[in-house]
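Inside the fold
What follows is the residue order along each chain.
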Amino acid sequence: MDKIDLCFTPATELLGAIHAKELSAVEITSTVLNRIAALEPKLNAFAHLAAEEAMDVAALADNALAKGASLGPLHGVPVTIKDLEPVRGMPFEGGTYLRRGDVAAADNVVVSRLRKAGAIILGKTTTSEFGWTGVSRSPLTGVTHNPWKLGLNAGASSAGAGVGAAAGYGPLHQGSDGAGSIRMPAHFCGVYGIKPTYGRVPQSPMAPSDSTVHLGPLTRTVADAALMLKVMAGRHPDDQSSLEAQPADYPGQLASRARAPRIAFSPDLGHARVDPEVAELVRKAAELFETELGWRVEQVETPWGPKGPELARFFWPAHFSRHADRVAGFRDQMDPGFVACIEAGLHITLADYLKMRIVKYAYCAEIHHFFEDWDFLLTPAVSVAAFPATQLQPDHWPQHPWDWMSWAEFSYPFNMSQNPAASIPCGFTAEGLPVGLQIVGRRCDDLGVLQMSAAFEAARPWASRRPPIA
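All values derive from a computational prediction rather than experimental measurement.

Remarks on the overall build of the chain
In terms of regular secondary structure, the chain is built from 15 helices and 15 strands. A compact globule built from 470 residues would reach a C-alpha radius of gyration of about 23 Å, and the chain, at 21 Å, matches this within 12%. Summarising its shape, the C-alpha atoms of the chain cover approximately 60 × 60 × 45 Å along the three principal directions. Summarising the internal contacts of the chain: among those between residues at least 6 apart in sequence, 77% fall at separations of at least 24. Accessible surface, the chain as shown: approximately 17000 Å² in total, 53% of it carbon and sulfur. Side chains of the chain carry 41 positive and 49 negative charges; the gap between the two charge centres is 2 Å.

Given below as C-alpha cells:
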C-alpha cells in the first residue's frame, strides 16, 4: 500500500490487515508519524507529539499479536487525544499559559478505555484556550491551520483533532463538544464528527459547564466513528451523569433500520443567518434523503429556535467567568476575546444564573417535545465556510469582542438539550472549502444518528476527497 494511502486508511480496514498480519502496528504508526513530521510545521495540529512512546507501544502490540494474545477492538490503531483531556505523563495545558508546564498524573476514563482496546496514542492535539471558542488558535500553541487552505479556521475547540482527521494523521481522533466543538471542526475540515448523547461517554473529571460538554470521535468515515464511540461509551463511577445503558453495537448495526425515519429540516432554526452558498449545499443534502433514499423530508418551523441565542450568550460568559481571578496576572498572555468573554460574565449574580436555568430547562423541554413528532432534524452544521483563523468572525459577519457563536447558532441548542448530533460532509464551496450537514437525533438515539449518517455517506461518499496539502 502507498504510504500516503495508508495514512488515510480507515481503522476498520487497518484492523483487518493487522489481524491478517498484512500490516504491523509498527509499520502503521511509523508511517503516520512520518506524515505528521512532514506536515506539522504547516498545520500545527499537535500540542504534544509522543512519537517515541507511540512506537514503543506499537512494538508491544506486534509482539502480543505474534504470541497469539487476545486483541482489543482497536489493536494497533493510532489515535489522538485533545489537550483538554489528561493522558498519563503528557502535557495537559489546554491551550493556555495559565496551565503551561502542567503534566497529567493519570489517564482519564476515555484514554484508559482506548488504551485497553489496543489503540496507540500519538499525542495531544491543539485546542483553543480552555476550549472557549470555535476558532482554531490559542495563545499557547498559535494558529492550527485548515488543511484545505492554510491560514483559515479549522474549527475548534477540537481543532487539532479535526485537522488530524482531514490530513491523514491516522483514522481516530478524540474531541469534545460544549457548544459545537466536535461538529465545527468536522464542518470546516470536511470530516465526520458526532457529539453523542450527554452521558454516553463519561467525563473524568466532569466539566464545570452545567452538563453541556460531550466527548466523541472525529474520523473520516462513519464506521470508524461508530467503532471508536463504542469503545469510549459506557457508565463509569467518576461521572455521576454517565448513562446506565450499555452502548449499542454501533458498528454492527449501521445498516439496520426498522422503518422509514420521520425527518424534519430547518434551514435556519427560525432565526439564524446562513451564507447563501452554505445554505444551498445543505438544502441539496437534505433533499438527497428524499430523492435517493426515498425518505420523506419536511421543512418545519422550530418555535423554540429563536429562544436559544439569549441562553447561549448568558451561559457562555457565566461559565467562563470562573477564570476571572486569573485575568489580572495573565491578561497579556490570554486570548483577548476570552478575556472579554470572562469579563462579560462578571455582572451575573447567582440569582440571575438560577433564574436563567429555569428558562433553559423549559427551552430544552420544548426541543424534546419537538422530537416526539420527528426522529431526526437536519440543519446546517455551521453558517459559514472557513475564514481567517486570526479572526473571531468572518469580515462580512457582525463583529463583536467575544461572540463567535453568531456563525454557530446550530450547535449549542443540542448541547443544552443533550441530544446526539453529527456533522457530515455534504459538499464544497466554489473555493473548495468543505461544508457540513448537521443530523440531530432524539436523546439517547446515538445509533440512529450514526445510521442516518451511514445512509448519507453511502449515497454521497466523501472519504476519498483529500485536502490539497502535500
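A closer look at the pairing of strand β14 (residues 421–428)
Of all eight residues making up β14, seven are buried, and the element is well covered by its neighbours. In this sheet, β14 lies alongside strand β9 (residues 192–195) in antiparallel orientation, the contact comprising three bridges. Bridge assignment links Gly 193 to a residue of β14, and that residue is Ser 423. Pairing between β14 and strand β15 (residues 434–441): seven bridges, direction antiparallel. Bridge pairing in β15 links Phe 428 to Pro 434. Between β14 and β15, which pair antiparallel in sequence order, lie five residues; one of them, Gly 432, sits at a positive phi of approximately 80 degrees.

Description of helix α3 (residues 25–43)
At Ala 37, α3 shows its maximal bend, which comes to roughly 35 degrees, and the proline Pro 41 appears one to four places after that position. For α3, the complete set of buried residues consists of Ala 25, Ile 28, Thr 29, Thr 31, Val 32, Leu 33, Arg 35, Ile 36, Leu 39, Glu 40 and Leu 43. Directly after α3, the chain includes Asn 44, whose backbone phi takes a positive value near 60 degrees.

Quick word on unusual backbone geometry
The omega angle of the peptide bond from Ala 156 to Ser 157 is 10 degrees, so this bond is cis rather than trans. Relative to the elements of secondary structure, Ser 157 occurs in the loop between β7 (149–153) and α6 (159–167). With an omega of 5 degrees, the peptide bond running from Ser 204 to Pro 205 counts as cis. Here Pro 205 lies in the loop between β9 and β10 (214–219). In this structure, Asn 44 takes a positive phi of about 60 degrees despite not being glycine. Among the structural elements, Asn 44 can be located in the loop between α3 and β1 (46–49). Although it is not a glycine, Ser 211 sits at a positive phi angle of roughly 60 degrees. Among the secondary structure elements, Ser 211 is positioned in the loop between β9 and β10.

Cut-off values and rules
- Residues numbered from 1 in each chain as written.
- Predicted model: local features only at pLDDT ≥ 70, side-chain atom pairs only at ≥ 80, totals over all residues.
- Heavy atoms only, no water.
- Helix = DSSP H or I, 4+ residues; strand = E, 2+ residues; numbered from the N terminus.
- Rg over C-alpha atoms; globule rule 2.2 N^0.38 Å.
- Contact = heavy atoms within 4.5 Å.
- Areas by Shrake-Rupley, 256 points an atom, 1.4 Å probe, with all protein chains shown as cover.
- Lys, Arg positive; Asp, Glu negative; His and termini not counted.
- Charge placed at Lys NZ, Arg CZ, Asp CG, Glu CD.
- Buried < 20%, exposed > 50% of the residue type's maximum accessible area, 1.4 Å probe, protein only.
- Pairing = 2+ DSSP bridges.
- Bend = angle between axes of the 7 residues up to and from the residue.

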